[in-house]
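One-letter residues, chain by chain:
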Amino acid sequence: MASTTFVTGTTITSDWANDVDAAVYQASSGISGSVDRTLLNKVADSISVKDFGAVGDGVTDDTAAIQAAFDSITGNRPVAVYFPMNDSSKYYRITSTLNVTKPCLIHGDGEYGTAIVGDWTNNAQYILSFDLTAGTTYFYTIRDITIYSKNAGAVRGLLLKNTPYVTLENVYFVNCYNGIVVTGTNNFSHDYRRVVTYNSTVSGVRFTSFTGGGQFLYDACTFAGDTGWVMESDSTLDSATFVNCNFEQCTTNSFVMNGTCRGLSFIGCRTEGLNGVNDFIIDPPVAGVVSGLSVIGCAF
């Protein structure tokens, strides 16, 4: 459609109105060989929580708006859900759990740029909950974001139940009762890179009633709080590997393995400032075992 310059008093014809409604205006990447797309098509590449009314000013309750964004996902192919950065003092305030049931990529603009803050005092609830039925959906990613409890120790961070193929990258869990809780019968191929659990009241990462899965990799992660990483005696894990990880200023224990683990490796890890009696505890149940233990280049 040819361009038109409007002046005050111009009546816009139906053709123009229809074109505006249909968002036919083209967006070009300017790259040789690229194809022009409509603006509507281009902005639909990902879902922004602001498209559903989230404000992110640290005051407004954004729970319903963010939940609406997650609920809009259909099918079993991952969809990007974007939390745009606001002013450094602002955040997305929620007052109850956000439930995620479909594969997605949850991302912000960096752990210092985007934060979801749970503002309540019930430590049985999570900020983000992936409470799924085993064997139904796969592939979940969270990156470049902070998960924060406004009232220290009053909120749990992330629940991962029956969630295969999970990637967490550049994610901070701050002031949570438990940072990450892993449970269920269908969890495998989890990859955590630069994940920090800071000032956790009980534990940074906790495995409970975990009976089916493995291949957990922690790369350049930091675990801080009362206990850094815990597997309870009712859990069984196939392979956990810690590479260049830091267990820092843990109050009671840095690492506790009370379950069964078939393959446990520490490479280039360290602990610092433990205030409790035991740094590392590896004590499987009577019928359990910890096998394939490997410690390379660590400072405990």
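Further up the page is the structure itself.
Asks: Can you explain the overall build of the protein chain? Please cite residues and give values.
Replies: The secondary structure content of the protein chain amounts to three helices and 23 strands. For the protein chain, the proportion of its 300 residues judged to be buried stands at 47%. Relative to all contacts within the protein chain whose residues are 6 or more apart in sequence, the contacts with residues 24 or more apart total 73%. Accessible area of the protein chain: about 13,700 Å², with a carbon and sulfur share of 51%.

Asks: Talk me through unusual backbone geometry; I want residue IDs and the actual numbers.
Replies: Phi at Asp144 is positive, roughly 55 degrees, even though this residue is not glycine. With respect to the helices and strands, the residue Asp144 is situated in strand β10 (residues 140-149). Non-glycine residue Gln215 carries a positive phi angle of around 60 degrees. One can find Gln215 in strand β15 (residues 213-219). Judged by relative accessible area, which is 43%, Gln215 ranks as partly exposed.

Asks: Break down the layout of surface pockets for me, citing the residues and quoting the values.
Replies: A water-sized probe, rolled over the atoms, reveals where empty space remains. Looking at the largest pocket, its volume works out to about 240 Å³. Where the lining of the largest pocket is concerned, the elements lending two or more residues are β8 (115-118), β10 and β12 (166-174). Among the residues forming the lining of the largest pocket, the class breakdown is seven nonpolar, four polar and four charged.

Asks: Explain the side chain of Asn170 to me, using residue names and the numbers behind them.
Replies: Along the chain, the position of Asn170 falls in strand β12. Apart from residues lying up to four places away in sequence, Asn170 is in contact with Glu111, Arg143, Asp144, Ile145, Arg193 and Arg194.

Asks: Please set out the environment of Lys50 residue by residue, giving values where relevant.
Replies: In this fold, Lys50 is placed in the loop between β3 (47-48) and α3 (63-71). Among the residues examined, Lys50 registers a relative accessible area of 36% and is labelled partly exposed. Distance in space between the C-alpha atoms of Lys50 and Ala65 is 7.8 Å, their sequence separation being 15 residues. Setting aside residues up to four positions removed in sequence, Lys50 forms contacts with Val55, Pro84, Asn86 and Tyr92.

Asks: Describe the nonpolar core, listing the residues and the values that go with them.
Replies: In terms of nonpolar packing, the biggest core is built from 60 residues, with Leu128, Tyr218, Trp229 and Phe242 touching the most fellow members. Counting residues per element, this core draws most heavily on strand β14 (residues 187-210), at five residues. Those residues in contact with Tyr218 that lie beyond four places of it in its chain are Tyr192, Val205, Phe207, Phe223, Trp229, Thr241, Phe242, Val243 and Cys245.

Asks: So, the packing of aromatic side chains: which residues are in play, and what are the values?
Replies: Throughout the structure, instances matching the rule amount to 30 aromatic pairs. Both rings, one in Phe247 and one in Phe280, keep their centres 5.4 Å apart while their planes meet at 75 degrees; by these two values the pair is edge-to-face. Here Phe247, found in strand β18 (residues 246-248), pairs with Phe280, found in strand β22 (residues 280-282); they are 33 residues apart in sequence, far enough to count as distant. Owing to a relative accessible area of 0%, Phe247 belongs among the buried residues under this scheme. On the accessibility criterion, Phe280 (22% relative accessible area) is partly exposed.

Asks: I'd love a proper account of a nonpolar patch on the surface, names of residues and values included.
Replies: On the surface, Ile282, Leu293, Val295 and Phe300 cluster together into a nonpolar patch covering about 360 Å² of accessible area. With respect to the helices and strands, Phe300 occurs in the segment after β23 (290-296). Looking at Phe300, the relative accessible area reads 45%, which means it is partly exposed.

Asks: Please give an account of the pattern of salt bridges that cites residues and values.
Replies: Opposite charge on two side chains makes pairing possible when the charged atoms of those side chains draw close. Under the counting rule described, the total for this entry stands at nine salt bridges. Of the charged contacts, one joins Arg93 and Asp119 as a salt bridge, the two residues approaching to 2.9 Å between their closest N and O atoms. With Arg93 in strand β5 (residues 92-94) and Asp119 in the loop between β8 and β9 (126-131), the pair connects residues that are 26 residues apart, well separated along the chain. Judged by relative accessible area, Arg93 falls into the buried class, the value being 18%. Residue Asp119 is classed as buried on the basis of its relative accessible area of 19%. One salt bridge in this structure joins Lys161 and Asp131, with 3.7 Å as the shortest N-O distance.

Analysis parameters
Residues numbered from 1 in each chain as written. Predicted model: local features only at pLDDT ≥ 70, side-chain atom pairs only at ≥ 80, totals over all residues. Heavy atoms only, no water. Helix = DSSP H or I, 4+ residues; strand = E, 2+ residues; numbered from the N terminus. Buried < 20%, exposed > 50% of the residue type's maximum accessible area, 1.4 Å probe, protein only. Contact = heavy atoms within 4.5 Å. Areas by Shrake-Rupley, 256 points an atom, 1.4 Å probe, with all protein chains shown as cover. 1 Å grid on protein atoms, 1.4 Å probe; cavity = no way out; pocket = protein on both sides within 12 Å on 5 of 7 lines; lining within 4 Å. Points joined across faces, edges and corners; volume = space filled by probe spheres on them. Nonpolar A, V, L, I, M, F, W, Y, C, P; charged D, E, K, R; others polar. Core = buried A, V, L, I, M, F, W, Y, C linked by side-chain atoms within 4.5 Å. Phe/Tyr/Trp six-rings, centres within 6.5 Å; stacked < 30°, edge-to-face > 60°. Patch = residues over 30% accessible without salt bridge, like charges linked within 9 Å, V, L, I, M, F, W, Y side chains within 5 Å. Salt bridge = Lys/Arg side-chain N within 4 Å of Asp/Glu carboxyl O.

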